[in-house]
Amino acid sequence: MTARTTDVDICSTGRGWRVPKSCYIAAMNSGFSDADRLKRSALAAVALRMGWWRGFKLARGYWRTYIRKGYLPYEPSLWWEAYHSAADGSDASTIELSADPLVSQYHYATIETLILRVLHTYGMPQRVLDLGSGAGHWLNFYQRLGCEVTGVELSSEAARRLRERFSQIEQCHIADMELSGFDLVNAIGVMFHIVDDDAHRRAISAIGQAIKPGGLLIVGGGFPLISVNVQFDEDSQVNKRLRSRRYWRQELESWMDVRFIRNRAAREIHAIVPESDLLIAIR
Ligand SMILES: C[S@@+](CC[C@H](N)C(=O)[O-])C[C@H]1O[C@@H](n2cnc3c(N)ncnc32)[C@H](O)[C@@H]1O
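Residues numbered from 1 in each chain as written. Predicted model: local features only at pLDDT ≥ 70, side-chain atom pairs only at ≥ 80, totals over all residues.

Undergrad: Would you mind showing me how to read the nonpolar core here?
TA: Generally speaking, soluble globular proteins have nonpolar side chains that are buried together. Grouped together as the largest cluster of nonpolar side chains are 42 residues, with contacts concentrated most on Val185 and Leu217. In this view, Val185 contacts Leu129, Leu131, Ile207, Ala210, Ile211 and Leu217; residues no more than four positions away in its chain are not counted. (Core = buried A, V, L, I, M, F, W, Y, C linked by C-beta atoms within 7 Å. Buried ≥ 20, exposed ≤ 12 C-beta atoms within 10 Å, placed from the backbone. Contact = placed C-beta atoms within 7 Å.)

Listed below in structure tokens is the structure:
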């Protein structure tokens, strides 16, 4: 079997370089010629570049956000309607239209592990509200844990597909929802797609209304030092904005126990996966 660049089995060369373990062991043990070693170090270079992707994306984002400026926020309803019409309703196509199913499964598994750890600490919820449900991965996850689930989804196409599998689906923008009484609100890979600052604040306020006092909020995404726009479409419209930890702490000032959990496993794979650290907070 040939080694994939998505190999998760990695080891360190001692100089901060990480290469797929299979390449490393093969190169050490099988008497390769210098030429072969060179080819294998090219593989290592690809792995290294993948590791630097996040840094590059942030640096490019800071440049475009604070120096070049001039980008417009996208129009979410139209954008997500078009996106879901092109997607096939699978988890993989929810994170990226042409995502590798193996990478997608790894991505979801790393976040599931973190959430299970959080639930182990804070206890199992009964009623769960999942925001930006997409293909329904998180509705399915909480339902399998025995929770009663409700989903909120902006796109009518995605909502139509979700209704075939789940009974409680609201089709609206998170900022416009009027729901209450939930033990847990789960928002993975969606809050950073609310680019408009006013809509983002209204969304946080609607989330506050939806969670019972003492209930838990879980947000999945990226939480850098300064807020930064990281994804731009061909019309120079921004469709992903990572908000800083400071921003979140300010917006959740009246909440308890606001903390951030790094998703280390997501960084251990030589592939590009969406931002998947967690923010957790108690209402
Ligand atoms: C990147 S996908 C993530 C889907 C899902 N949470 C997951 O992790 O598999 C983002 C989803 O959020 C939905 N979405 C984006 N902005 C939204 C908003 N303002 N209100 C509700 N849903 C939204 C999109 O239609 C899309 O299905």
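Undergrad: In this structure, what is going on with the sheet that holds strand S9 (residues 228-232)? I would like to understand it.
TA: In any sheet, the strands associate via hydrogen bonds between backbone groups, in a parallel or an antiparallel arrangement. Strand order in this open sheet of 3 strands is S3-S10-S9, and the pairing throughout is mixed. With partners counted over all chains shown, the strands left at the sheet margins are strand S3 (72-73) and S9, one partner each. Bridge count between S9 and strand S10 (residues 237-242): 4 bridges; the pairing is antiparallel. Along S10, the bridge assignment pairs Asn229 with Arg241. (Pairing = 2+ DSSP bridges. Helix = DSSP H or I, 4+ residues; strand = E, 2+ residues; numbered from the N terminus.)

Undergrad: How should I be thinking about unusual backbone geometry in this particular structure?
TA: Negative phi characterises most residues that are not glycine, and trans characterises most peptide bonds. Positive phi values are uncommon outside glycine, yet Asp257 reaches one of about 55 degrees. Along the polypeptide, Asp257 turns up in strand S11 (residues 256-261). By C-beta crowding, Asp257 is classed as exposed, having 10 other C-beta atoms within 10 Å.

Undergrad: Mind showing me how you'd approach the confidence of the model for the protein here?
TA: Regions with low pLDDT should not have their predicted coordinates read in detail. Here the protein averages 85 in pLDDT, and 82% of its residues register 70 or above. Throughout residues 1-19 the model reports pLDDT below 50, and contacts reaching past four residues in sequence, or to other chains, amount to 40 contacts. Contacts of residues 23-30 to residues separated by more than four positions or lying in other chains number 9 contacts, the stretch itself having pLDDT below 50. (pLDDT = per-residue confidence, 0-100.)

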